[in-house]
Amino acid sequence: MSKELLTRWENIETLGNNQSVYFYAWGGDAQINAYIQWAAQQVKTQYNINLVHVKLSDTSEAVSRVLAEKSAHNNDQGSVDLVWINGANFATMSEHALLLKQWANKLPHFAYTDPANNPAVNFDFGIPTNGMEAPWGQASLTFYYDSLAINEQANNKLPTTLNELLNWSTQNPGRFSYPKPPDFLGMSFLKYALVILHQQSSENIKAQLNQAATANNTAQVLNPLWDFLNKLHPTLWRGGTHFMQSGAQMRRLVDDTELSIAFTFSAPEVPAAVKRYDLPKSIRSYAMADGSLSNTHFVAIPYNASHPQSAQLVANFLLSPEAQAQKQKAHIWGDKSVLIQSRLTPEQQALFKTAKPHPSALPFNSIKRTLSEPHPSWVNAIMQGWQTRYGVSQ
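Reading the values: the criteria
Residues numbered from 1 in each chain as written. Predicted model: local features only at pLDDT ≥ 70, side-chain atom pairs only at ≥ 80, totals over all residues. Heavy atoms only, no water. Helix = DSSP H or I, 4+ residues; strand = E, 2+ residues; numbered from the N terminus. Rg over C-alpha atoms; globule rule 2.2 N^0.38 Å. Buried < 20%, exposed > 50% of the residue type's maximum accessible area, 1.4 Å probe, protein only. Contact = heavy atoms within 4.5 Å. Areas by Shrake-Rupley, 256 points an atom, 1.4 Å probe, with all protein chains shown as cover. Lys, Arg positive; Asp, Glu negative; His and termini not counted. Charge placed at Lys NZ, Arg CZ, Asp CG, Glu CD. Domains from an automatic or database assignment. Buried area = accessible area lost by both parts, 1.4 Å probe. Salt bridge = Lys/Arg side-chain N within 4 Å of Asp/Glu carboxyl O. Polar contact = N/O pair within 3.5 Å; in protein donor to acceptor, adjacent residues only side chain to side chain. Nonpolar A, V, L, I, M, F, W, Y, C, P; charged D, E, K, R; others polar. Phe/Tyr/Trp six-rings, centres within 6.5 Å; stacked < 30°, edge-to-face > 60°. Lys NZ or Arg CZ within 6 Å of the ring centre and 35° of its normal. Pairing = 2+ DSSP bridges. Axes fitted to C-alpha atoms, helices over the stretch in contact; angles between N-to-C directions. Parallel < 35°, antiparallel > 145°, perpendicular 65-115°, else oblique.

In the annotation of an unreviewed UniProt entry, the protein is listed under the name ABC-type transport system, periplasmic component and assigned to Pseudoalteromonas translucida.

(A) Layout of the overall build of the protein. If you tally the helices and strands in the protein, you get 14 helices and 11 strands. Against the globule reference of 21 Å for 394 residues, the protein gives a C-alpha radius of gyration of 21 Å, in line with a compact fold. In terms of its C-alpha atoms, the protein occupies a principal-axis envelope of roughly 65 × 50 × 35 Å. Here the protein holds 394 residues, and the buried ones make up 53% of them. Of all intrachain contacts in the protein linking residues separated by at least 6 positions in sequence, the fraction that spans at least 24 positions is 81%. Per element, the accessible surface of the protein, about 17,600 Å² overall, is 50% carbon and sulfur. Here the protein contributes 30 positively and 29 negatively charged side chains, and the mean placements of these two sets differ by 4 Å.

(B) Geometry of the domain arrangement of the protein. Domain boundaries in the protein define domain 1 (3–137 + 295–352) and domain 2 (142–294 + 369–390). On a C-alpha basis, the centres of domain 1 and domain 2 stand 29 Å from each other. Counting residues at the interface gives 13 residues for domain 1 and 12 residues for domain 2. Note on domain 1 versus domain 2: buried area summed over both sides is about 960 Å², and carbon and sulfur give 60% of it. If you sort the residues of domain 1 by the area they bury against domain 2, Q31, F125 and N295 come out on top, with a joint share of 52%. Between domain 1 and domain 2 we count 0 salt bridges in total. On the surface where domain 1 and domain 2 come into contact, there are 1 residue pair in polar contact (both at pLDDT 80 or more). The residue inventory of the side of domain 1 that touches domain 2, partitioned by class, reads 6 nonpolar, 5 polar and 2 charged.

(C) Structural detail: the packing of aromatic side chains. All chains considered together, the criterion is met by 21 aromatic pairs. Three or more aromatic residues link up through ring pairs in this structure, and these residues are F143, Y145, F176, Y178, F189, Y192, W226, F243, F263, Y286, W386 and Y390. The ring centre of W333 lies 5.3 Å from the NZ or CZ of K327, which sits over that ring.

(D) Quick peek at the sheet that holds strand 7 (residues 142–146). The 3 strands lie next to each other as 8-7-9, forming an open sheet whose pairing is antiparallel. Bordering the open sheet on either side are strand 8 (261–264) and strand 9 (283–286), each of which pairs with just one other strand. Here the average twist between neighbouring strands, direction ignored, is 30°. Across 4 bridges, strand 7 lies against strand 8 in antiparallel orientation. Residue pairing across strands places F143 opposite F263, the latter belonging to strand 8. Of the strands in this sheet, strand 7, strand 8 and strand 9 touch helix 9 (residues 247–255), which is tilted by about 150° from strand 8.

(E) Seen up close, the packing of helix 5 (residues 162–171) against helix 8 (residues 218–232). The interhelical angle for the contact between helix 5 and helix 8, taken along N-to-C directions, is 25°, at an axis separation of 10 Å. Between helix 5 and helix 8, the angle is such that the two are roughly parallel. Within the contact between the two elements, helix 5 uses L162, L166 and S169 and helix 8 uses F228, K231 and L232. Looking at the contact of helix 5 with helix 8 residue by residue, the classes come out as 4 nonpolar, 1 polar and 1 charged.

(F) Examining unusual backbone geometry more closely. Looking along the chain, the bond that leaves P181 and enters P182 is cis, with omega of 10°. Of note, P182 is situated in the loop between helix 5 and helix 6 (184–197). Its identity as a non-glycine residue notwithstanding, Q102 has a phi of 50°, on the positive side. Locating Q102 in the fold gives a position in the loop between helix 4 (88–95) and strand 4 (123–124). Among the residues examined, Q102 registers a relative accessible area of 36% and is labelled partly exposed. Positive phi is not limited to glycine here, since D114 has a value of about 50°.

(G) Geometry of the pairing of strand 3 (residues 82–85). The two faces of strand 3 match: L82 and W84 on one face and V83 and I85 on the other face are all buried. Pairing of strand 1 (residues 20–26) with strand 3 involves 2 bridges; the strand directions are parallel. Pairing of F23 across the sheet is with L82, part of strand 3. Looking at chain direction, strand 3 and strand 10 (residues 292–300) are connected through 3 bridges and run antiparallel. Among the inter-strand pairings, W84 is bridged to a residue of strand 10, identified as V299.

Written out as structure tokens, the structure is:
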């Protein structure tokens, strides 16, 4: 670290001690909540920071709060000090100048992400982060199934591609479904399908996925998705006339043996649910062979945070090898680290060595192919199109 950056960080440490940090983060997973509490204990010990987890059902709640504060000209006493964010919510906050700039890339631990060779930490759904976000973890769409319900019989072979999933659901009606938009998991499934459906499209159409949705390109890009869903929906749970509201409801339907296949964006959620008896012991996780929708998630500091220096201390701790290794443990969270092992010392690398995984956990190195998230604007385009076509009967 340069002398200038070192001096800057010493100032942040001086100003950031002995404060409260209000961390607005999704609160829908017990394991994640427990990890944030562990991190709170660590920063309390190191900096006497009181890290308060403000639990959200959707990150857009934090975005709306900061936007309202800006409208009220509250430019330095904001209620949000740190926010867990990525994708469309980051795009919105960036577009409305709601985030502190050029701080994340100056954190001492940011170097461990090897930013020069790892563009994933500098882009969020294709949008440059400009130092407004510190990477926190990586996640991928992971499928799971009841191994007692699915075996190698003629009609019941495990589907490992989108096309196989359609065929399997046709042969096993009512045993699969997805949460309806705007639920994050349901939207993730629709984005996975959209990306896969365009694998054989022209380069020009594929490129549209990485650009903003417009009146001119929406129909061309989304029509294959509607065609696919028109075939899939009649085969789904309740004949596709009713959709579950959330991933938690989908998981309960698997536990009740109504569904045989489901999915999550938090792979460790599966073994954790099995251990809690929220899913049967026969559950197994797997990755789709045609690709896993994957993204990096971040923490950001609103432009008007009351305690921006303290928030930077917390963000830097969350990037530390100790915190990242703790988070990657399957029984803690299982969230994949954003740190590059070659940038760590042997002692730091040793922190990441793991014990034997749970039988229901996603096997190591299962994900052979990752799929990038489309431009954030496609979320709204998909949601509006879905509501128009399938939302009336909900």
